[in-house]
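One-letter residues, chain by chain:
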Amino acid sequence: MIITRTPFRMSFFGGGTDMKDFFTEYGGAVISTTFDKYCYVIVRHLPRFFDYSTELSYSKIERVTNINDIEHPAIRNAMKMLDMHELRLTYEADLPARSGLGTSSSFAVGMLNAFYALKGKYADKKKLADDAIYLERVLCNEAGGWQDQIAASFGGFNRINFNKDGTYDVYPLIIHPDRKKKLDDNLLMFFTGFTRFSSDMQKANAKGYHDKTKQLLEMLDLVDRAQEILTDKNSDLDDFGRLLDHTWKLKRQTGGAITTDSIDALYQRGIDAGALGGKLLGAGGGGFLVFYVQPEKKQAVKEAMKDLLYVPFHFEDGGTRVIHYTPETYIPKEETIEE
């Protein structure tokens with residue numbers, strides 16, 4: 001039995017510039033972090049005592065004898081991609097799917113990690129990120145960018161640069177521990193209660209706004225400013241919150257499905273209660289709101305948002321990992337992966 005644990009991510013700046021059509025022309029960059037809420041993928045070989053050869057348990061249960069009959073596109077394509085057969089897969093998570101935290105990509109990364117482990121192979125973080133991007137964007141033909149798969153695989157607080165040649169680079173941000181803890185303490189996250197498919201939101205946003213290049217380029221410029229605030233101990237960390245407000249206002253202009261009147265009202269409620277800034281996480285349409293709030297205003301913001309679920313969290317650095325394996329089936333050897 002293999003169990004993998006993969007973190008969810010929180011994207012602060014540069015979202016949208018990780019879309020391949022954009023960054024291969026203009027370049028792109030995002031600042032994001034993973035945090036201590038996870039999805040778990042449990043995989044084991046299925047004994048040959050049943051009238052089905054594969055059993056899947058996620059939001060529904062599937063039992064099939066032919067991989068082509070699997071309804072879940074990511075599982076179906078991943079099993080074909082890595083030539084997986086006769087297995088039982090179970091998915092569990094700390095937070096709901098389709099909520100703006102890169103949950104589908106965290107699942108893809110964790111599943112691929114589990115599949116490689118079950119085959120007795122080792123895949124490093126870049127291999128897992130690359131495979132997950134290929135799985136979701138090519139094999140499953142789902143709209144979206146590249147940041148989620150990379151964040152889930154690498155973990156930590158990073159700047160991810162997307163290059164015009166179609167490559168990417170991951171740079172961990174070096175933030176003083178006290179400053180990082182203060183940022184951690186000043187962020188509040190609330191669940192709006194709405195969920196949606198990120199791929200559907202991306203398609204809807206593409207239809208809603210045909211020319212968003214100007215806004216995306218400005219959002220790209222804000223990545224440098226945000227990095228400076230985080231890494232320069234002489235900068236006012238509260239400017240991070242103010243910059244979040246600015247990038248949220250820009251993001252609202254980049255897609256017709258980014259926000260709704262209800263979400264706008266919730267966001268404004270947080271600002272009126274004292275938050276310096278914030279944003280809706282993910283492609284839009286619902287999910288989690290995150291606010292930057294000074295310590296003396298935190299209780300007021302929590303009270304203003306009391307009809308929403310408050311979700312405490314802390315930054316994490318681990319990325320995806322195997323947390324349980326049976327020794328006879330899992331023998332990590334780097335040389336076993338062939339490109």
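Residues numbered from 1 in each chain as written. Predicted model: local features only at pLDDT ≥ 70, side-chain atom pairs only at ≥ 80, totals over all residues. Heavy atoms only, no water.

**Digging into the packing of aromatic side chains**
As a reminder of what qualifies: Pairing of aromatic rings covers Phe, Tyr and Trp, the last counted by its six-membered ring, and requires centre-to-centre distances within 6.5 Å; plane angles under 30 degrees mean stacked, over 60 mean edge-to-face, and any other angle means tilted. A run of H or I in DSSP becomes a helix once it reaches four residues, and a run of E becomes a strand once it reaches two; helices and strands are each numbered from the N terminus. Between buried and exposed lies partly exposed: a residue is buried under 20% and exposed over 50% of the maximum accessible area for its type, with that area taken using a 1.4 Å probe on protein chains only. Comment: the charge-over-ring label is applied if NZ (Lys) or CZ (Arg) is within 6 Å of the ring centre and within 35 degrees of the ring normal.
Applying the stated rule across the entire model yields 19 aromatic pairs. Arranged with centres 5.3 Å apart and planes meeting at 85°, the rings of Phe-13 and Phe-240 form a pair that is edge-to-face. Here the residue Phe-13 occupies a position in strand β1 (residues 2-13), and Phe-240 occupies one in helix α9 (residues 238-251), the gap between them amounting to 227 residues. With relative accessibility at 0%, the residue Phe-13 sits in the buried group. By relative accessible area, which is 0% here, Phe-240 ends up buried. Members of the aromatic cluster, each reached through a chain of ring pairs, are Phe-12, Phe-13, Phe-35, Phe-157, Phe-240, Tyr-292, Phe-313 and Phe-315. Positioned above the aromatic ring of Tyr-38 is the side chain of Arg-5, whose terminal nitrogen or guanidinium carbon lies 4.2 Å from the ring centre.

**With respect to the pattern of salt bridges**
Where we set the bar: We define a salt bridge as a side-chain nitrogen of Lys or Arg found within 4 Å of a carboxyl oxygen belonging to Asp or Glu.
Within this structure, the stated rule accounts for 19 salt bridges. Across the pair Arg-269 and Asp-307 runs a salt bridge, and its minimum N-O distance is 2.7 Å. Of this pair, Arg-269 sits in helix α10 (residues 261-272) while Asp-307 sits in the loop between α11 (298-304) and β11 (309-310), and the two are 38 residues apart along the sequence. Each of Arg-225, Glu-228, Asp-236, Asp-239 and Arg-242 takes part in salt bridges that share partners, so that together they form one network.

**Topic: the nonpolar core**
A general tendency of soluble globular proteins is for nonpolar side chains to be buried together. Convention followed: Only buried Ala, Val, Leu, Ile, Met, Phe, Trp, Tyr and Cys residues count toward a nonpolar core, and they belong to the same one when joined by side-chain atoms within 4.5 Å. Pairs of residues are marked as contacts when any of their non-hydrogen atoms sit within 4.5 Å.
Membership of the largest hydrophobic core comes to 70 residues, with the highest contact counts inside it found for Leu-89, Met-111, Phe-115 and Phe-240. Per-element tally for this core: the top contributor is helix α3 (residues 103-118), with ten residues. Beyond its immediate chain neighbours, meaning those up to four positions away, Phe-115 contacts Val-43, Ala-78, Met-79, Leu-82, Met-84, Leu-87 and Leu-89. Counting residues in each nonpolar core, the second largest holds 15 residues, with Leu-266, Ala-273, Val-293 and Leu-308 among its members.

**Regarding a nonpolar patch on the surface**
What counts, and what does not: The patches described consist of residues with a relative accessible area above 30% and no salt bridge, like charges being joined within 9 Å and nonpolar side chains (Val, Leu, Ile, Met, Phe, Trp, Tyr) within 5 Å. All accessibility values rest on the Shrake-Rupley procedure with a 1.4 Å probe; residue burial counts only the protein chains present in the view.
A cluster of nonpolar side chains, contributed by Tyr-134, Val-138 and Leu-139, occupies part of the molecular surface with about 250 Å² of accessible area. Tyr-134 gets classed as partly exposed once you look at its relative accessible area, which sits at 40%.

**Comments concerning helix α2 (residues 73-81)**
Those residues of α2 lying buried are Ala-74, Ile-75, Asn-77, Ala-78 and Met-79. Each element contacted by the buried residues of α2 is listed here: β3 (54-57), β5 (87-93), α3 and α4 (125-139). At the C-terminal side of α2, Asp-83 shows a positive phi close to 55°.

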